[in-house]
Amino acid sequence: MITRSSQPREDDARGSIVRMTARGRAAIEAATPQHVETVRRYFFDPLSHDEVETLGVLFDRLLSSPSRDTD
């Protein structure tokens with residue numbers, strides 16, 4: 001489902017390049033509807049509309065936090 005090649009850079013042997021195969025892509029696409037339903041059922045359905053709105057505000061704040069900036 002993936003192909004892997006050795007090091008991505010000559011000067012850095014710590015990593016590898018991983019590419020998804022067509023079969024891997026098909027597996028992800030097949031799993032997506034069930035995954036979305038499960039996330040909705042366990043994460044969003046228990047919350048009220050106002051709670052979901054609050055969660056969105058909190059996530060926006062976290063994503064815009066200066067501590068996320070890296071040098």
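Model, not experiment: these values are computed from the prediction.

J.: Give a detailed account of the overall build of the protein, specifying residues and quantitative values.
T.: Per the secondary structure count, the protein includes two helices and two strands. A burial count over the protein gives 6% of its 71 residues as buried. Considering only contacts within the protein whose residues lie at least 6 apart along the sequence, 3% involve residues at least 24 apart. As presented, the protein carries roughly 6,500 Å² of accessible surface, and 55% of it is formed by carbon and sulfur atoms.

J.: Can you tell me about the pattern of salt bridges, naming the residues and giving the values?
T.: Under the criterion given, the structure shown has two salt bridges. Residue Arg25 is joined to Glu29 by a salt bridge in which the shortest nitrogen-to-oxygen separation is 2.9 Å. Remark: Glu29 and Arg25 occur in helix α1 (residues 22-44); sequence separation between them is four residues, near one turn of the helix. By relative accessible area, Arg25 is classed as partly exposed at 49%. Among the residues examined, Glu29 registers a relative accessible area of 47% and is labelled partly exposed.

J.: Outline the environment of Ile2, supporting the account with residue identities and numerical values.
T.: With respect to the secondary-structure elements, Ile2 resides in strand β1 (residues 2-5). Of the residues examined, Ile2 reaches a relative accessible area of 46% and is grouped as partly exposed. A C-alpha to C-alpha distance of 9.1 Å links Ile2 and Arg25, two positions 23 residues apart in sequence. Excluding residues that lie within four positions of it along the chain, Ile2 makes contacts with Val18, Arg19, Met20 and Thr21.

J.: Explain a nonpolar patch on the surface to me, and be specific about the residues and the numbers.
T.: A surface patch of nonpolar side chains, about 610 Å² in accessible area, is lined by Val39, Phe43, Phe44, Leu47, Phe59, Leu62 and Leu63. Its place among the elements puts Leu63 in helix α2 (residues 49-63). Residue Leu63 is classed as exposed on the basis of its relative accessible area, which comes to 55%.

J.: Which residues make up the environment of Ala27, and what are the values?
T.: Within the secondary structure, Ala27 is located in helix α1. Judged by its relative accessible area of 32%, Ala27 is partly exposed. It is 8.3 Å that separates the C-alpha atoms of Ala27 and Met1, two residues lying 26 residues apart in sequence.

Conventions and cut-offs
- Throughout this document, residue positions are counted from 1 along each chain, in the order its sequence is written.
- The predicted origin of the model limits local features to residues at a pLDDT of at least 70 and limits the giving and counting of side-chain atom pairs to 80 or more, whereas totals for whole chains, interfaces and linings rest on all residues.
- Hydrogens and water molecules were not included; the side-chain quantities draw on all heavy atoms of the structure.
- Each helix is a run of H or I in the DSSP string that is no shorter than four residues. Each strand is a run of E no shorter than two, and both are numbered from the N terminus.
- With a 1.4 Å probe rolled over the protein chains alone, any residue whose accessible area is under 20% of its type maximum counts as buried; one over 50% counts as exposed, and the rest are partly exposed.
- Should any heavy atoms of two residues lie within 4.5 Å, those residues are considered in contact.
- Accessible areas in this description were obtained via Shrake-Rupley with a 1.4 Å probe; residue shielding takes into account the shown protein chains only.
- When a carboxyl oxygen of Asp or Glu lies within 4 Å of a side-chain nitrogen of Lys or Arg, that pair is called a salt bridge.
- A patch consists of residues whose relative accessible area exceeds 30% and which take part in no salt bridge; residues with like charges are grouped when within 9 Å of each other, and nonpolar side chains (Val, Leu, Ile, Met, Phe, Trp, Tyr) when within 5 Å.

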